[in-house]
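Observations on the three-dimensional arrangement
For reference, the chains in residue letters:
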Amino acid sequence: MEGLFFKSWRKRLWAQVEGHHILEVGVGTGKNFDYYPQDARITAIDFSGQMLKQAAQKRERKNVSVELELMDIQSLCFADNSFDTVICSFVFCSVPSAIKGLKELYRVCKPGGQVLLLEHVLSSNRLIAALMNLLNPIVVRLVGANINRNTVKNVKACAFTSVRVDDAGSDIIKLIEARK
Ligand SMILES: C[S@@+](CC[C@H](N)C(=O)[O-])C[C@H]1O[C@@H](n2cnc3c(N)ncnc32)[C@H](O)[C@@H]1O
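A short tour of the structure in this document, coming up.

Another aspect to go through is the overall build of the protein. Helix and strand counts for the protein come out as five helices and seven strands. Each helix (α) and strand (β) of the protein, taken in turn from the N terminus, gives the series α-β-β-α-β-β-α-β-α-α-β-β. Its C-alpha radius of gyration of 16 Å places the protein within 12% of the 16 Å reference for a compact globule of 180 residues. Each of the three principal axes of the protein carries a C-alpha extent, and together these read 45 × 35 × 30 Å. A burial count over the protein gives 33% of its 180 residues as buried.

A few words on the site of the ligand. Gly-26, Gly-28, Phe-47, Ser-48 and Ser-89 are the nearest of the 19 residues found near the ligand. Of the residues in the shell around the ligand, the class split is eight nonpolar, eight polar and three charged.

Turning next to helix H4 (residues 126-143). With 18 residues, H4 ought to run about 26 Å at 1.5 Å a step, and its terminal C-alpha atoms sit 24 Å apart, in line with that. For H4, the principal kink sits at Asn-136 and spans about 45°; a proline, Pro-137, occurs within the next four residues. Among the 18 residues that make up H4, one are buried, leaving the element largely open to the surroundings. Just downstream of H4 lies Gly-144, where phi reads positive at about 75°.

This part is about the sheet that holds strand S7 (residues 173-179). As summarised here, the arrangement of the seven strands in space is S3-S2-S1-S4-S5-S7-S6, forming an open sheet in which the pairing is mixed. On the outer flanks of this sheet lie strand S3 (67-70) and strand S6 (162-166), each paired with one strand and no other. Each strand of the sheet is rotated relative to its neighbour by a mean of 20°, with strand direction disregarded. Bridge count between strand S1 (residues 21-25) and strand S4 (residues 83-89): three bridges; the pairing is parallel. Of the residues in S4, the one forming a bridge with Leu-23 is Val-86. Taken strand by strand, helix H3 (residues 98-108) contacts S1, S4 and strand S5 (109-120), and its axis lies near 145° from that of S5.

With respect to the element layout, Ile-87 can be found in strand S4. For the pair Ile-87 and Gln-16, spaced 71 residues apart in sequence, the C-alpha to C-alpha distance is 9.9 Å.

Further remarks concern unusual backbone geometry. Even without glycine at this site, Asn-81 takes up a positive phi of about 55°. Relative to the helices and strands, Asn-81 is located in the loop between S3 and S4.

About the criteria used
- Residues numbered from 1 in each chain as written.
- Predicted model: local features only at pLDDT ≥ 70, side-chain atom pairs only at ≥ 80, totals over all residues.
- Helix = DSSP H or I, 4+ residues; strand = E, 2+ residues; numbered from the N terminus.
- Rg over C-alpha atoms; globule rule 2.2 N^0.38 Å.
- Buried ≥ 20, exposed ≤ 12 C-beta atoms within 10 Å, placed from the backbone.
- Near = placed C-beta within 6 Å.
- Nonpolar A, V, L, I, M, F, W, Y, C, P; charged D, E, K, R; others polar.
- Expected span 1.5 Å × (residues − 1).
- Bend = angle between axes of the 7 residues up to and from the residue.
- Pairing = 2+ DSSP bridges.
- Axes fitted to C-alpha atoms, helices over the stretch in contact; angles between N-to-C directions.
- Contact = placed C-beta atoms within 7 Å.

Structure below.
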């Protein structure tokens, strides 16, 4: 899946990064390291110590310049207006309170800066959405991720000045660019 499908989405996501000071939230094992822009100052956080341990090993292996920190997206330990770009991929399916998390991303983003999210969301097809809603509790139990989040709607409910969605023809994968 990663090689066939997600790599091109990741490239598309990271091609949109602006500015020098970048925050990646929900870094996981560091699957985005290959796409980090050169010469940027990057901090990456996750609330899983195990994920950060793997990310730290990958950082050494690939000689990536990134500061890794244990932190919850829902209560970030950064000052307001700190980052030019706040970015994540496939994270808001598992953040317990998506709105609380998105408000934190907004808070730490500089005015005029951007929050970029690559996420899988609930289908707009009613039949498929019904199936996703039905299966969601099982998927949550198995892998801890929700397959029925309406992340575009959640981002639009925050105070961003503009929200642009690139779906490249996909009903379920969305690249969301929200400007503060
Ligand atoms: C599906 S993984 C995606 C990892 C990586 N972004 C990628 O694209 O491969 C979701 C990651 O988000 C992290 N995560 C979920 N909720 C979080 C929260 N509230 N605060 C920090 N990290 C969180 C998880 O620990 C996990 O590493």
